[in-house]
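What follows is the residue order along each chain.
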Amino acid sequence: DVRRTRSRRSEKRASEPVAKGNKKMGAAARCRCVSNMFDNLSTPYTAVNNILQGKVKSAGQDMGRVIVNSVLGIGGCCDAATKVGIPKHEEDFGQTLGVWGVPSGRFVMLPALGPSTMRDALAKPVDMLANPIGYITNIRLRNSLTGSKLVDTRANLLEVTDRLDESALDKYTMVRDAWAQRRAAQVRDEDGSYDAINADAPRELTPSLTP
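Bear in mind the structure is a predicted one, so any value in this text is a computation, not a measurement. What you see as residue numbers is a count from 1 along each chain, following the sequence as written. Selection of residues for local features in this predicted model requires a pLDDT of at least 70, selection of side-chain atom pairs for listing and counting requires 80 or more, and totals for whole chains, interfaces and linings are taken over all residues. The basis for every side-chain value is the complete set of non-hydrogen atoms in the structure, without hydrogens or water.

Along the backbone of the chain there are nine helices and three strands. Each helix (α) and strand (β) of the chain, taken in turn from the N terminus, gives the series α-α-α-α-α-β-β-α-α-α-α-β. Classification of residues uses two cut-offs on accessible area relative to the type maximum, computed with a 1.4 Å probe and protein chains only: under 20% is buried, over 50% is exposed, and between them is partly exposed. Expressed as a percentage of its 211 residues, the buried residues of the chain come to 36%. Any pair of residues with heavy atoms lying within 4.5 Å of one another is described as a contacting pair. A separation threshold of at least 6 residues defines the contact pool for the chain, and within that pool the share at least 24 residues apart is 62%. A run of DSSP states H or I qualifies as a helix once it reaches four residues; a run of E qualifies as a strand once it reaches two. Both are numbered from the N-terminal end.

Quick look at the structure:
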C-alpha cells in the first residue's frame, strides 16, 4: 500500500504541473481542438465495439460523427456532429468484454494509465493496437502526440483530483469504488454517453468488482 501510494504521488507530481501549466497559459481552446481530433480518430474503433456489442444503430451514428467532424469540423478540431444532433458514444474493448459477460475482477492501478480493473487491463492491448497514433512511423511525432494526449487527459481530471485531495480521507478506496460504479454504468449504457432515443437496447449486465 505504501509503495502504491508513493507511485501515485510520483505520477501526479510528474503530470499535474504540465496539465495546470496548459490551463494557466490560456491554451484551453487549443487543448480542446487536440482532444476533439483524438476523439474523432478513435471514433471508428468505438463503432467497432458497438457492432461487437450488437448496437448497430450506435455504430452508424459513430461513423456519421466521423464524416461530419472530418468535413465540417475541420479534421475533427471542432465537434460539429454534436451541434447537428449526432450523439457521441464512449465504448472500448473492456466494455465489450463486460457486455459479453466477462467479470470485471479486482481493481488495479496501472502506472501512467491510472485506475482500472483486471478485465479492462487485459483489454488495454487491444485498445492500444486500435489507437491510430501507434501506427505513425515518425517516432518524434508519435511520442509528441502520445504525450499531448496524456496531458490532455490529465488536465480533464484536474478538477476531480483536486476535489479528492480536499475531501477524501481514503483516496484509494474512494477512487476504487467510484471507478467500479463508473465502469458498471458504462457497460450498462447508463453513463450519459448513450443516446436516450437510440433504438439499440441497453444491456442488463451488472458486472461485479472484487475488492
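Moving on, we come to the environment of His-89. Structurally, the position occupied by His-89 is in the loop between α4 (80–83) and α5 (93–99). Each C-alpha atom, one on His-89 and one on Gln-186, is 9.9 Å from the other, the two residues being 97 residues apart in sequence. Identification of polar contacts relies on pairs of N or O atoms within 3.5 Å, with a donor-acceptor requirement for protein atoms, meaning one able to donate a hydrogen and the other able to accept it, and with residues adjacent in sequence counted only if both atoms are side-chain atoms. A distance of 3.3 Å separates polar atoms of two side chains, one belonging to His-89 and the other to Gln-61. A distance of 2.9 Å separates polar atoms of two side chains, one belonging to His-89 and the other to Asp-62.

In this section: the pairing of strand β2 (residues 114–117). A pair of strands is labelled paired if DSSP reports no fewer than 2 bridges between them. Where strand β1 (residues 105–110) and β2 come together, four bridges link them in antiparallel fashion. The residue of β2 that forms the bridge with Leu-110 is Gly-114. Adjacent in sequence and paired antiparallel, β1 and β2 are bridged by three residues, among which Ala-112 carries a positive phi angle near 70 degrees.

Turning our eyes to something else, we now look at the side chain of Thr-43. Along the chain, Thr-43 falls in helix α2 (residues 28–52). From its side chain, Thr-43 meets the backbone oxygen of Asp-39 in a polar contact 2.6 Å long.

Our next topic: the pattern of salt bridges. By convention in these notes, a salt bridge is any Lys or Arg side-chain nitrogen within 4 Å of a carboxyl oxygen on Asp or Glu. The full count for this structure, using the stated rule, is 10 salt bridges. The partner of Asp-39 in a salt bridge is Lys-88, with the nearest N and O atoms 3.0 Å apart. Of this pair, Asp-39 sits in helix α2 while Lys-88 is found in the loop between α4 and α5, placing the two residues 49 residues apart along the sequence. Through salt bridges with shared partners, a single network forms among Asp-92, Arg-119, Asp-120 and Arg-183.

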